[in-house]
Amino acid sequence: MKAIVGIGGGELGLGETRPLDEYIVSLCKKEHPKALFLPTATHDSESYIAVFNDMYRSLGCDTSALRLWSFAGTAADVRELILYSDIVYIGGGCMEAMLQIWEKYKVQDALAEAYERGIICCGLSAGCICWTDHSYCDYDDGHGFFSAQCMGILPIIIGPHYSQQDWKGFDDFMKGQTLPGLAIDTNTALSVIDGEYRIIHGQEDKAAWLLADCGGTVVKVPYEGGDPQELMAQMLA
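Definitions and limits used
Residues numbered from 1 in each chain as written. Predicted model: local features only at pLDDT ≥ 70, side-chain atom pairs only at ≥ 80, totals over all residues. Heavy atoms only, no water. Buried < 20%, exposed > 50% of the residue type's maximum accessible area, 1.4 Å probe, protein only. Helix = DSSP H or I, 4+ residues; strand = E, 2+ residues; numbered from the N terminus. Right-handed = clockwise from strand over helix to strand, strands pointing away. Pairing = 2+ DSSP bridges. Axes fitted to C-alpha atoms, helices over the stretch in contact; angles between N-to-C directions. Contact = heavy atoms within 4.5 Å. Phe/Tyr/Trp six-rings, centres within 6.5 Å; stacked < 30°, edge-to-face > 60°. Lys NZ or Arg CZ within 6 Å of the ring centre and 35° of its normal. Parallel < 35°, antiparallel > 145°, perpendicular 65-115°, else oblique. Left-handed = near helix turned anticlockwise from the far one by under 90°. Nonpolar A, V, L, I, M, F, W, Y, C, P; charged D, E, K, R; others polar.

K.L.:
Got a minute to help me understand the pairing of strand β2 (residues 34-38) in this structure?
P.N.:
One face of the sheet, then the other: side chains in a regular strand alternate in exactly this way. Across the five residues of β2, four count as buried, placing the element largely inside the fold. In the classification by handedness, the crossover that spans β2, the intervening helix α2 (residues 46-58) and the parallel strand β3 (residues 62-65) is right-handed. As paired strands, β2 and strand β4 (residues 87-90) are joined by four bridges and run parallel to one another. Residue pairing across strands places Leu 36 opposite Val 88, the latter belonging to β4.

K.L.:
In this structure, what is going on with the sheet that holds strand β10 (residues 188-193)? I would like to understand it.
P.N.:
Hydrogen bonds between backbone atoms are what pair the strands of a sheet, whose relative direction is either parallel or antiparallel. Pairing in this open sheet of seven strands is mixed, and the strands run β3-β2-β4-β5-β1-β10-β11 from one edge to the other. On the outer flanks of this sheet lie β3 and β11 (196-201), each paired with one strand and no other. Strand-to-strand twist in this sheet, taken as the mean axis angle between neighbours without regard to direction, amounts to 20°. Two elements, β2 and β3, share four bridges in a ladder whose sense is parallel.

K.L.:
Could you clarify how one ought to interpret the sheet that holds strand β12 (residues 208-214) in this entry?
P.N.:
In spatial order, the strands read β8-β9-β12-β13; together these four strands make up an open sheet with mixed pairing. Whereas interior strands pair on both sides, the edge strands pair on one side only; in this sheet they are β8 (157-159) and β13 (217-222). On average, each strand axis in the sheet is inclined to that of its neighbour by 25°, with strand direction left out of account. In the sheet, β8 pairs with strand β9 (residues 181-184) via three bridges, with the strands oriented parallel. Considered in β9, the bridge of Ile 157 is made with Gly 181. Helix α8 (residues 228-236) rests against β9, β12 and β13 of the sheet, and its axis sits at about 50° to β12.

K.L.:
What is the right way to look at the packing of aromatic side chains in this model?
P.N.:
In this description, a pair of aromatic rings is defined by centroid distance and the angle of the planes. Summed over the entire model, instances satisfying the criterion amount to nine aromatic pairs. Note on Phe 52 and Tyr 89: the rings are 5.2 Å apart at their centroids and 55° apart in plane angle, and the pair reads as tilted. Taken together, the residues Phe 52 in helix α2 and Tyr 89 in strand β4 connect sequence positions 37 residues apart. Take Phe 52 and Tyr 89: they sit in the same class, and that class is buried. Judged by centre distance (5.6 Å) and plane angle (65°), the ring pair of Tyr 56 and Tyr 89 falls under edge-to-face. You can see Tyr 56 sitting in helix α2 and its partner Tyr 89 sitting in strand β4, a full 33 residues away along the chain. We classify Tyr 56 as buried; its relative accessible area is 0%. Here a set of aromatic residues connected by ring pairs shows up, and it is made of Phe 37, Tyr 48, Phe 52, Tyr 56 and Tyr 89. If you follow Lys 34 out to its NZ or CZ, it ends over the ring of Tyr 84, 4.8 Å from the centre. The cationic tip of Lys 168 hangs over the ring face of Tyr 162; the distance from NZ or CZ to the ring centre is 4.1 Å.

K.L.:
Please explain the packing of helix α1 (residues 18-28) against α2 as it appears in this structure.
P.N.:
If you want to describe how two helices pack, look at the angle between their axes and the distance between the axes. Interhelical geometry of α1 versus α2 gives an angle of 60° and a closest axis separation of 10 Å. Here α2 runs oblique to α1, going by the angle between their axes. In terms of crossing hand, the pair formed by α1 and α2 is right-handed. Packed against α1, whose contacting residues are Arg 18, Asp 21, Ile 24 and Val 25, the element α2 presents Met 55, Tyr 56 and Ser 58 at the interface. Across the contact of α1 with α2, the residue classes break down as four nonpolar, one polar and two charged.

K.L.:
How should the environment of Ile 157 be read in this particular structure?
P.N.:
Within the secondary structure, Ile 157 sits in strand β8. Under the relative-accessibility criterion, Ile 157 is labelled buried at 0%. Taking the C-alpha atoms as reference points, Ile 157 and Leu 179, separated by 22 residues in sequence, lie 6.6 Å from one another. Filtering out sequence-adjacent residues up to four positions away, Ile 157 remains in contact with His 134, Ser 135, Phe 170, Phe 173, Met 174, Gln 177, Leu 179, Pro 180, Gly 181 and Leu 182.

Structure below.
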């Protein structure tokens, strides 16, 4: 099974995403899955690592963290740690910084291999959008947004945190884009299992939308699942 679960946002430490985290662990179908946390986007925040450990240990996982900012090993060592896991969870934070250090250790290559091998690939915010072709990100200093080139496993564009007003600019960002866009609220996740897309709701009042550029006008419809490319073609027909 090939699985990616991207959470649009939410506070892990407050338990907001717990239904989504339970779903992620359930996909593994092991009694004590090995869950590896990559907190790269927060510069390996120890408090974030502790929050992850608390949540995923409470769900029956054996947890560990890959601290790349102080890592003394090689890209081969990183690959080995990632491929040893049952679940790889990418934390939220600064996408720019995360991608820079990932390049040093060839993390994207290791994650792509993990996906092909059936390791559950997941994450929140930056850890949600990193699996896509390119996506909508905010700068670390909070001043504006940019397009980040990502791993390209999922041929879509994601706008996370869509329930937050300052992320609504994703609509304008989609103008001129040739790929379908998915706007995902906090406490909501996109699940892609063996190529089948569906939305998992952590809260009843949170949702997701499919966006497509139709001749310079962005069309947006509620989204619960289905192939985004096929749905976009229907919207453009």
